[in-house]
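For reference, the chains in residue letters:
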Amino acid sequence: MSSQAMPPVPAGHGVRGPDAPAHDARIHDIGYRRYDGERLGAMYARRSLLVHSLRGAFGLGRSARAKVLPFGLFAIMCLPAVVMVAVAVTTGLDELPIDYTAYAMFLQPIIGLYLALAAPQMVSLDLRFKTIPLYFSRPIDRSDYVAAKAAALAVALFLFIGIPLVIAYAGGLLAELGFGGQTTAFLRGLLMTAIFCVLHSVISLLIASFTPRRGFGVAAIIAVLTIPYFAATAIMAVADEQGNTDAVGWLALFSPGTLMEGIEATFLGGEVEFPGEVMPSDAAGVAYLAATAALTALCYVLLTRRYRKAGL
């Protein structure tokens, strides 16, 4: 074998194979450098995720087409409030046609459509495009992700319902319906809206978290929020026709919509919406509160466990 030295390798050219001499190795600087700025921590990451999810619920930061449905539904939500204000001002009504506490129940179909639009947008797309591990590479864990998503949808829904209530309240004051009475009724309406939003948000997110297909999530949310309500209402009507009025109030425990109607009638001075206008008993009212709290907690726990699943 010749003892002649190997010719030098030009700079910038790598040498392939295991027999390459060590002195020909090269380390190239491709421009990466360590982050030396301020590290904002987990709280900033949680807040950023919440704000990002809240904006996404209204299509903000996305294309114009993504904003059409949420803002179109929001305009429909505001329309009854604007009409009530116009009628109250021009005709001199003594009270608004729709109570503040009943506004969400009156427009449940529109709210259901909005939840079916917003909840899959928040969680189903993360499952479909497998971006959840990117969130967990930041200083947040699964419980932070669930809390941020649930809070974002609840706040978005509260704005979706609450802003029309503000319009109606301003119109009531403009029509001189009485500051004290309108303010008390308005605050009751906000409390009813908060309970409604928390319960329906966790239910919708739980349903949407089980499918990466947005269309399936939309259909499932509409079905879960609609079918039990009409089934419970139909059974309540049958019980009322048969004279079993005591059972009417207890049958309201079997759907989120009738639960909200029961709480409104029992504790917030709203009109009874049950078949036959049967007023629920005090015991049934306590059961409504307990069932709402239990259902909210159960859905939140199941949602948290959903994101602890291995390989998610």
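Residues numbered from 1 in each chain as written. Predicted model: local features only at pLDDT ≥ 70, side-chain atom pairs only at ≥ 80, totals over all residues. Heavy atoms only, no water.

1. Points about the packing of aromatic side chains
At step 1: A full pass over the atoms with the stated rule returns 9 aromatic pairs.
At step 2: Ring geometry for tyrosine 114 versus phenylalanine 160: centroids 4.2 Å apart, planes at 10°, classification stacked. You can see tyrosine 114 sitting in helix 4 (residues 108-128) and its partner phenylalanine 160 sitting in helix 6 (residues 142-174), a full 46 residues away along the chain.
At step 3: The buried category is assigned to phenylalanine 160, whose relative accessible area is 0%.
At step 4: Ring geometry for tyrosine 169 versus phenylalanine 186: centroids 4.5 Å apart, planes at 15°, classification stacked. Here the residue tyrosine 169 occupies a position in helix 6, and phenylalanine 186 occupies one in helix 7 (residues 179-208), the gap between them amounting to 17 residues.
At step 5: Since its relative accessible area comes to 14%, tyrosine 169 is described here as buried.
At step 6: The structure contains a cluster of three or more aromatic residues connected by ring pairs, namely Phe58, Phe71, Phe74, Tyr114 and Phe160. (Phe/Tyr/Trp six-rings, centres within 6.5 Å; stacked < 30°, edge-to-face > 60°. Helix = DSSP H or I, 4+ residues; strand = E, 2+ residues; numbered from the N terminus. Buried < 20%, exposed > 50% of the residue type's maximum accessible area, 1.4 Å probe, protein only.)

2. Structural notes on a negative patch on the surface
At step 1: A cluster of acidic residues, Asp94, Glu95, Glu271, Glu273 and Glu277, forms a negative patch on the protein surface.
At step 2: Relative to the helices and strands, glutamate 273 resides in the loop between helix 10 (256-267) and helix 11 (282-306). (Patch = residues over 30% accessible without salt bridge, like charges linked within 9 Å, V, L, I, M, F, W, Y side chains within 5 Å. Areas by Shrake-Rupley, 256 points an atom, 1.4 Å probe, with all protein chains shown as cover. Salt bridge = Lys/Arg side-chain N within 4 Å of Asp/Glu carboxyl O. Lys, Arg positive; Asp, Glu negative; His and termini not counted. Charge placed at Lys NZ, Arg CZ, Asp CG, Glu CD.)

3. Some words on a nonpolar patch on the surface
At step 1: A cluster of nonpolar side chains, contributed by Leu79, Val83 and Val87, occupies part of the molecular surface with about 230 Å² of accessible area.
At step 2: Following the sequence through the fold, valine 87 ends up in helix 2 (residues 64-91).

4. A few points about the packing of helix 6 against helix 11
At step 1: Contact pair helix 6 / helix 11: the axes reach a minimum separation of 9 Å and the direction vectors enclose 135°. With respect to helix 11, the element helix 6 is oriented oblique. Pair helix 6 / helix 11 crosses with right-handed handedness. Contact residues: Ser143, Val146, Ala147 and Ala150 in helix 6; Tyr300, Leu303 and Thr304 in helix 11.
At step 2: Of the residues contributing to the contact of helix 6 with helix 11, the split by class is 5 nonpolar, 2 polar and no charged. (Axes fitted to C-alpha atoms, helices over the stretch in contact; angles between N-to-C directions. Parallel < 35°, antiparallel > 145°, perpendicular 65-115°, else oblique. Left-handed = near helix turned anticlockwise from the far one by under 90°. Contact = heavy atoms within 4.5 Å. Nonpolar A, V, L, I, M, F, W, Y, C, P; charged D, E, K, R; others polar.)

5. Structural notes on the environment of alanine 293
At step 1: Of note, alanine 293 is situated in helix 11.
At step 2: Sequence separation between alanine 293 and leucine 199 is 94 residues, and the spatial gap between their C-alpha atoms is 8.2 Å.

6. What to know about the packing of helix 7 against helix 10
The description of two packed helices rests on the angle between their axes and on the distance between the axes.
At step 1: Orientation of helix 7 relative to helix 10, taken along the N-to-C sense of each, is 165°, at an axis distance of 11 Å. Relative to helix 10, the element helix 7 lies roughly antiparallel. Between helix 7 and helix 10 lies a crossing of right-handed hand. For the pair helix 7 and helix 10, the contacting residues are Met192, Ile195, Phe196, Leu199, His200 and Ile203 in the first and Pro256, Met260, Ile263 and Glu264 in the second.

7. What about the side chain of serine 204?
At step 1: Inspection of the secondary structure assignment puts serine 204 in helix 7.
At step 2: On the accessibility criterion, serine 204 (0% relative accessible area) is buried.
At step 3: Not counting chain neighbours up to four residues away, the residues in contact with serine 204 comprise Leu115, Ala119, Leu153, Ile221 and Leu225.

8. Observations regarding helix 4
An α-helix turns once every 3.6 residues. As a result, residues three or four positions apart point the same way.
At step 1: Across its 21 residues, helix 4 extends 29 Å between first and last C-alpha, which sits within 8% of the 30 Å expected from 1.5 Å per residue.
At step 2: Glutamine 121 marks the point of greatest bend in helix 4, at about 40°.
At step 3: With 18 of its 21 residues buried, helix 4 lies for the most part within the structure.
At step 4: Remark: lysine 130 follows helix 4 within two positions and exhibits a positive phi of approximately 55°. (Expected span 1.5 Å × (residues − 1). Bend = angle between axes of the 7 residues up to and from the residue.)

9. Regarding the nonpolar core
At step 1: Ranked by internal contacts, the top residues of the largest apolar core, which has 79 residues, are Ile111, Tyr114, Leu157, Phe160 and Ile161.
At step 2: For this core, the element with the highest residue contribution is helix 6, accounting for 13 residues.
At step 3: In this view, isoleucine 111 contacts Met77, Ala104, Leu157, Phe160, Ile161 and Phe196; residues no more than four positions away in its chain are not counted. (Core = buried A, V, L, I, M, F, W, Y, C linked by side-chain atoms within 4.5 Å.)

10. Comments concerning unusual backbone geometry
At step 1: The phi angle at lysine 130 is positive, at roughly 55°, despite the residue not being glycine.
At step 2: As for its position among the elements, lysine 130 is in the loop between helix 4 and helix 5 (132-136).
At step 3: In the Ramachandran plot, glutamate 176 falls in the positive-phi region, its phi being about 60° despite a non-glycine side chain.
At step 4: One can find glutamate 176 in the loop between helix 6 and helix 7.

11. Brief notes about the pattern of salt bridges
At step 1: Following the criterion strictly, the structure yields 2 salt bridges and no others.
At step 2: The shortest N-O distance in the salt bridge between aspartate 126 and lysine 149 comes to 3.6 Å. Remark: lysine 149 occurs in helix 6 and aspartate 126 occurs in helix 4; sequence separation between them is 23 residues. Just as aspartate 126 is buried, lysine 149 falls in that class too.

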